[in-house]
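# Notes for the structure review
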Amino acid sequence: MPIWAQAGLWGLIAGGALVIGALVAWLTAVPQRVVASVMAFGAGVLISALAFNLVDEAERSGGLLATVVGFLAGAVVYLLANLVLARRGARHRKRSGNQQPSEQDHDGSGSAIAIGALLDGIPESVVLGLSLLGGNGVGIPVLAAIFISNLPEGLSSAAGMKRSGRSARYVFGVWVGVALASGAAGLLGCLLLQGASAQVVAVITALAAGAILTMVADTMIPEAFERTHLYAGLLATVGFLTAFTIGRAG
């Protein structure tokens, strides 16, 4: 199978975790404390993958300057896009409680939430595609981190959508669409950057990493802390160590 096709497949698999999380939230009444606990764990997993895989690899292959520029650019781009979406009703798109507005509360919020979910998922899939460019197969620590973190993201966001009165058609339309877009992002990330210089790949990798870290701080950690409070830090630490162990064992 061509590398670009593998990238698309792995992106689809990682994005599929969002659909699994949404299905669990739709079929069962998962306590919000449990959702928040898993979210804290997932946040720690992603932070570990960023620190020990993405940013470190970008710096080693492309240099410190390329990494710093890409990382800051990713954070700024995500922030600007998130500010626009927040004004349109998507600020609490990952919250499992009553924070998400209904379409009656905020006209157009349904579309904004869907676009926000897409914004959150694309950088992760691009990173997966880039991990294949070295010719050593998909980066298992990064794949594991994205899959593990996507489960609580889908779970929490779908629970919030359900509470705000969104239909099953809308909820699963969003998450299946994001999963398919994740596969496409992984495929394109690999296909378009084959043969690119190490500096360019480093900038794109760091850009995606900066966007992911900003997403974790803006959307995952608030949900985790609201319900678990002082336990959020411990749960995130366990997630961090889990991803670190997977990386070193692999």
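Rules and cut-offs
Residues numbered from 1 in each chain as written. Predicted model: local features only at pLDDT ≥ 70, side-chain atom pairs only at ≥ 80, totals over all residues. Heavy atoms only, no water. pLDDT = per-residue confidence, 0-100. Helix = DSSP H or I, 4+ residues; strand = E, 2+ residues; numbered from the N terminus. Buried < 20%, exposed > 50% of the residue type's maximum accessible area, 1.4 Å probe, protein only. Expected span 1.5 Å × (residues − 1). Bend = angle between axes of the 7 residues up to and from the residue. Axes fitted to C-alpha atoms, helices over the stretch in contact; angles between N-to-C directions. Parallel < 35°, antiparallel > 145°, perpendicular 65-115°, else oblique. Contact = heavy atoms within 4.5 Å. Nonpolar A, V, L, I, M, F, W, Y, C, P; charged D, E, K, R; others polar. Polar contact = N/O pair within 3.5 Å; in protein donor to acceptor, adjacent residues only side chain to side chain.

Here we take up the confidence of the model for the chain. Low pLDDT marks stretches whose predicted atomic positions should not be read closely. For the chain, per-residue confidence averages 84 on the pLDDT scale, and residues scoring 70 or more make up 93% of the total. When pLDDT is averaged over each helix and strand of the chain, the minimum, 79, is found for helix H4 (residues 109-131) and the maximum, 90, for helix H3 (residues 64-90).

What follows deals with the environment of Arg248. Looking at the element boundaries, Arg248 is found in helix H8 (residues 231-249). Of the residues examined, Arg248 reaches a relative accessible area of 55% and is grouped as exposed. Expressed as a C-alpha distance, the spacing of Arg248 and Phe52, which sit 196 residues apart in the sequence, is 9.7 Å.

Before going further, it helps to spend a moment on helix H7 (residues 198-228). Between the first and last C-alpha of H7 there are 41 Å, a value that for 31 residues agrees with the 45 Å anticipated at 1.5 Å per step. Along H7, the helix axis deviates most sharply at Met220, where the bend reaches about 40°; the proline Pro222 sits within four residues downstream. Positive phi appears at His229, one or two residues downstream of H7, with a value of about 50°.

In a pair of packed helices, the angle between the axes and the distance between the axes together describe the arrangement. Look at helix H2 (residues 32-62) against H3: their axes get within 7 Å of each other, and the N-to-C directions meet at 140°. With respect to each other, H2 and H3 are oriented oblique. On the side of H2, the interface is formed by Val55, Ala58, Glu59 and Gly62, while H3 contributes Leu64, Ala66, Thr67 and Phe71. When its residues are assigned to classes, the contact of H2 with H3 shows 5 nonpolar, 2 polar and 1 charged.

Mapped onto the fold, Ser149 is located in helix H5 (residues 140-163). With a relative accessible area of 0%, Ser149 lands in the buried category. Within the structure, the side chain of Ser149 is placed 3.1 Å from the backbone oxygen of Ile146, a separation counted as a polar contact. Sequence-distant contacts of Ser149, that is, excluding residues within four places in its chain, are made with Gly42, Leu46, Glu124 and Met220.

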